[in-house]
Amino acid sequence: SVTRPAPPPPKPARPAAFPTRGRVRIPSVAIEGPVVSTVVKDRDMVIPPNSRDVAWLDHGSYPGPYRNVILAGHRSWGGRQGTLWRLGEVKEGDEVWVEVDGAAHGYRVKWVRLYHPDNAPVEEIMGETPVHSVTLITCGGNFDQARRRYDQRIVVRAEALS
């Protein structure tokens, strides 16, 4: 009889590039999507390579040492609307809900601003805040076909509900 060699062991599953940590919801504009964990180096933004995920630019435990949770995602990507497509419609007073590692955190929007990426106040946007906050960032303004990107950034700051 012919002995066949044993089949090779199955390849281990590749871990997700960005592990899912929770969800973000803004009910007033029907935003809802998964929050994935990314690591920030030198405050460079790391954005997931799809339209669905919203990156938590994490500095450690939630909400992190800066009391400012940075969430960033696409307005559109690859011809699809991104989870943060409607972020520019958010208004002061709207609620933002972030669930991370099974715990829900509520926030109320304090301001919505549009910045040019070359002169945005990075420290104000991504730096420490006096109270627990969440800052959401996506593209805004007009899409520049030649450069293949939007010419502005929408930034929403919300502070923790009491």
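A quick note: this is a predicted structure, and the numbers were derived from the prediction, not measured. (Residues numbered from 1 in each chain as written. Predicted model: local features only at pLDDT ≥ 70, side-chain atom pairs only at ≥ 80, totals over all residues. Heavy atoms only, no water.)

**Student:** I'd love a proper account of the overall build of the chain, names of residues and values included.
**Tutor:** Counting its regular elements, the chain contains one helix and ten strands. Going from the N terminus to the C terminus, the chain shows its helices and strands as β-β-β-β-β-β-β-β-α-β-β. Here the chain holds 162 residues, and 41% of them are scored as buried. Taking contacts inside the chain between residues at least 6 apart in sequence as the whole, the part at least 24 apart equals 57%. Accessible surface, the chain as shown: approximately 9,600 Å² in total, 50% of it carbon and sulfur. (Helix = DSSP H or I, 4+ residues; strand = E, 2+ residues; numbered from the N terminus. Buried < 20%, exposed > 50% of the residue type's maximum accessible area, 1.4 Å probe, protein only. Contact = heavy atoms within 4.5 Å. Areas by Shrake-Rupley, 256 points an atom, 1.4 Å probe, with all protein chains shown as cover.)

**Student:** I'd like a description of the pairing of strand E4 (residues 68-73), backed by residues and values.
**Tutor:** Among the six residues of E4, six are classified as buried, and the element is accordingly described as predominantly covered. Along E4, one buried face is formed by Asn68, Ile70 and Ala72 and the opposite face, lined by Val69, Leu71 and Gly73, is buried too. Here three bridges tie strand E3 (residues 54-58) to E4, and the two strands are oriented antiparallel to one another. From the neighbouring strand, tryptophan 56 faces E4, where its bridge partner is leucine 71. Relative to strand E9 (residues 133-144), E4 runs parallel, the two sharing five bridges. The residue bridging isoleucine 70 from the neighbouring strand is threonine 135, located in E9. (Pairing = 2+ DSSP bridges.)

**Student:** Describe the pattern of salt bridges, and please don't skip the residues or the numbers.
**Tutor:** In total, this model carries six salt bridges according to the counting rule given. With a closest N to O distance of 3.2 Å, arginine 23 and glutamate 32 form a salt bridge. A residue is classified by how much of its surface remains accessible, and glutamate 32, at 45% relative accessible area, is partly exposed. Among the ionic pairs, arginine 67 bridges to glutamate 128, the shortest N-O distance being 3.4 Å. Of the two residues, arginine 67 is situated in the loop between E3 and E4 and glutamate 128 in the loop between helix H1 (122-126) and E9; the sequence distance between them amounts to 61 residues. Looking at arginine 67, the relative accessible area reads 28%, which means it is partly exposed. (Salt bridge = Lys/Arg side-chain N within 4 Å of Asp/Glu carboxyl O.)

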